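# Residue-level structure breakdown
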Amino acid sequence: MAWLMAIGQPLLFILIAPLLTGWIKFVKCRLQNRKAPSLLQPYRDLRKLWVKEAILPETASWIFSAAPVIVFAAMLLAAAIVPLVAVNLPTARIADVFVMVGFFALARTFLVLAGMDIGTAFGGMGASREMTISSMAEPAMLMVVFTLAMSAQTTNLSLAMQYVLDSGLVLRPSFVFALAALMLVAIAETGRIPIDNPATHLELTMIHEAMILEYSGRYLALMEWASQIKLMLYGVLIANMFFPWHIATDFSLEALAEGLLAIVLKLAALSVLLAFSETLLAKMRIFRVQEFLSFAYLLSVLGMLSHIILEVYYG
Amino acid sequence: MVNTLSVYQQAVMLMAALITLTSFLMLGQSRLLRLVGVFAVQGLLLSASTALVAHSMALPHLYISAALSLVIKGLLIPAMLFRLIMRMNLHREMDTVEHPARVMIGGASLVVFSYYVCLPIVKLSTLITLNTISVSLAVVLLGMLLMITRRHAVAQVVGFMSIENGLFFAAVVSTLGMPMVVELGIAFDVLVAAVIFGVFFFQIRSSIDSLDVDRLSQLSEVEE
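Below is a summary of the structure that appears in this document. What you see is a predicted model; the values in this text were computed from it and never measured. (Residues numbered from 1 in each chain as written. Chains lettered and ligands numbered in written order. Predicted model: local features only at pLDDT ≥ 70, side-chain atom pairs only at ≥ 80, totals over all residues. Heavy atoms only, no water.)

## Looking at empty space enclosed by the protein
The condition that has to hold: A 1.4 Å probe that fits but cannot get out identifies a cavity on a 1 Å grid over protein atoms alone, an open set with protein on both sides within 12 Å along at least five of seven lines counts as a pocket, and a residue lines either if it has an atom within 4 Å of a point. Grid points are joined across faces, edges and corners, and a volume is the space filled by probe spheres set on the points. Each helix is a run of DSSP H or I of at least 4 residues and each strand a run of E of at least 2, with the numbering of both proceeding from the N terminus. We call Asp, Glu, Lys and Arg charged. Ala, Val, Leu, Ile, Met, Phe, Trp, Tyr, Cys and Pro are nonpolar, and the rest, Gly among them, are polar.
Here the structure, examined in full by the defined rule, presents four cavities of 30 Å³ or more. Around the largest cavity sit 14 residues that line it, and A:Val97, A:Val145, A:Leu148, A:Leu157 and A:Met241 are the ones nearest its centre. Those elements that provide at least two residues to the lining of the largest cavity are α6 (121-152), α7 (157-166) and α10 (217-242) of chain A. For the lining of the largest cavity, the class distribution of residues is eleven nonpolar, three polar and no charged. Every residue lining the second largest cavity is listed: B:Ser65, B:Leu68, B:Ser69, B:Ile72, B:Lys73, B:Glu164, B:Phe168, B:Met178, B:Glu183, B:Ile186 and B:Ala187. Put simply, the parts of the chain that give the lining of the second largest cavity at least two residues each are α3 (61-87), α6 (153-175) and α7 (180-208) of chain B. Top contributing element to the lining of the second largest cavity by residue count: α3(B), with five residues. Partitioned by chemical class, the residues of the lining of the second largest cavity number six nonpolar, two polar and three charged.

Spelled out as structure tokens, the structure:
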């Protein structure tokens, strides 16, 4: 049963991720007084891309056609580590949160290589920007992980969630800072406003879209799908790490149903927050991203400091 | 660990952490109006944490100081600074922080330093909320850092006021408030200081035609 869940959970990630993107788009459209596309539109887009002919550029090497598969597979493996509806999964016990950050780095490396492979100006530009941003986002991400690990005494996501769940409602200053820092990192890493605009292919300032500009057909579908899964991964990480209530702790059917309902509601609420911030904020100049991410880093450092200063006692 | 504390004590801890955060926000804020806004938020947090301490320790006289800091630090002084900025037409002026990353790292190391300094005091006492004393020392030091790194007179005054916030916070959380006479005296001193600073702003501006206090170190008006 446990292994069945462990395999079913990444599949659930794959299935729900486009729906999440559709929901964010829906809320954003409503906030901006526009008519929203159907919630199922991302699925239709993926299907359309899947049946279309894939055209490879003349200058592309094997990296270009291998990258989408590798990126998608890395996201899938990362999804196996993050508990979605239930903790205590066998896969979550094998690998800890560093492995997850490593999978993200692997996916990013191949994305960047594919962007540079074809030798267009946009690809190289997007690749260099992606690397710049991630080199600043990753330290903040790891500091958040360290802060959580110091509280929970483990770097294993499943055990850390169990710890937060067991200790009940506790106001931890370090968690407040870590939550804020992780949200900023998630925005930067998934390429949302104010760092990158996911809705456009026609801007000089684009980052993610610049790298995948030459992709078409099923390759593009895999890339889009992978980035949707990445967005959902960050959402689930935030929701289950800081608010793990009602996640299933055993594999009975009622517990699993409750866990599924809880995570769907949590993700829906988080995406409303994201849509609000995307509607209120304008995209930043690329040179101000460094300020944004150093603020995230500062928050994570403060989280760690406040854990040491305020939460550990000697009495 | 933190989960052995009561909810109110946890909330006091959270407030302490948020007050440190506002100090850092002030350190990185280059727009004067927003700087004053963050300062007002710090005053409100200070007043809220005083009220929390009053509730959790059942000390009714602290409610008075909570109300005092709410009115004076949360509303009156920010409103005065706001009016000054508007009247002197400074609301578009930027007081850019030079080397923001270095200032932030300096601030973080000040927090570590104040923790290191306060560790022996914390170990001696049995009062659980006492380790917030290192946070309040950090707020004092961060206020000084703000005064050092800025050139603009208004920013320096905000730094000075936040030093006072840090001292007040230390008094509330570690010794459960000062005698009422002292507290009232300090509150009105700060208020009077704000008024006098306002007068000084006009004086400085009429003599050097700017609020950039670095210019005060030059002897002549002529550029060399």
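## Digging into the interface of chain B and chain A
Interfaces are often sized by the accessible area lost when the parts come together. What counts here: Two residues form a contact once any of their heavy atoms are found within 4.5 Å. Summed over both partners, the accessible area lost on bringing two parts together, with a 1.4 Å probe, is the buried area. In protein, a polar contact means a hydrogen-donor-capable atom and an acceptor-capable atom, both N or O and within 3.5 Å, with residues adjacent in sequence counting only if both atoms are side-chain atoms; elsewhere, any N or O pair within 3.5 Å suffices.
Counting residues at the interface gives 27 residues for chain B, matched by 24 residues for chain A. Roughly 2200 Å² of surface becomes buried between chain B and chain A when both sides are summed, with 80% attributable to carbon and sulfur atoms. Scanning the region where chain B abuts chain A turns up one residue pair in polar contact (both at pLDDT 80 or more). Elements represented by at least two residues in the side of chain B that touches chain A include exactly α1 (7-28), α4 (100-124) and α5 (132-149) of chain B. The greatest single-element share of the side of chain B that touches chain A, amounting to eleven residues, is contributed by α1(B).

## Some remarks on α7(A)
Residue and element names in this part refer to chain A. Rules: Three labels apply to residues, based on accessible area from a 1.4 Å probe with only protein chains included: buried if under 20% of the type maximum, exposed if over 50%, partly exposed otherwise in between.
For α7, the tally of buried residues reaches seven of ten residues, placing the bulk of the element in the interior. Taken together, the buried positions of α7 are occupied by Leu-157, Ser-158, Ala-160, Met-161, Gln-162, Val-164 and Leu-165. The inward-facing, buried residues of α7 abut α3 (62-81), α4 (90-94), α5 (97-117), α6, α8 (173-189) and α10. For α7, the capping residue at the N-terminal end is Asn-156, with a side-chain oxygen 3.0 Å from the backbone nitrogen of Ser-158. At the exit of α7 stands Gly-168, carrying a positive phi of roughly 70°.

## Details of the packing of aromatic side chains
All names here are of chain A. Test applied: Working definition: a ring pair exists when centres of Phe, Tyr or Trp rings (six-membered ring for Trp) sit within 6.5 Å. Plane angles under 30 degrees give stacked, over 60 give edge-to-face, the rest tilted.
Under the defined criterion, the tally for this structure stands at nine aromatic pairs over all chains. Taken together, a centroid distance of 5.3 Å and an interplanar angle of 20° make the contact between Phe-104 and Tyr-234 stacked. Of this pair, Phe-104 sits in helix α5 while Tyr-234 sits in helix α10, and the two are 130 residues apart along the sequence. Classification of Phe-104 by relative accessible area gives buried; the value is 3%.

## Focus: the packing of α3(B) against α7(B)
When two helices pack together, their arrangement is given by the angle between the helix axes and by the axis-to-axis distance. All names here are of chain B. Selection rule: Every axis corresponds to a line fitted to the C-alpha atoms, with the helix fit spanning only the stretch in contact, and the corresponding angles, defined between N-to-C directions, vary from 0 to 180 degrees. The cut-offs work like this: below 35 degrees is roughly parallel, past 145 is roughly antiparallel, 65 to 115 is roughly perpendicular, and the gaps in between are oblique.
Between α3 and α7, the least distance of the axes is 11 Å, while the angle of their chain directions is 0°. With respect to α7, the axis of α3 lies roughly parallel. Here His-61, Ile-64, Ser-65, Leu-68, Ile-72, Leu-76, Ile-77, Met-80, Leu-81, Leu-84 and Arg-87 of α3 lie close against α7, whose contacting residues are Met-180, Glu-183, Leu-184, Ala-187, Val-190, Leu-191, Ala-194, Val-195, Gly-198, Phe-201 and Phe-202. Of the residues that constitute the contact of α3 with α7, the class distribution is 17 nonpolar, three polar and two charged.

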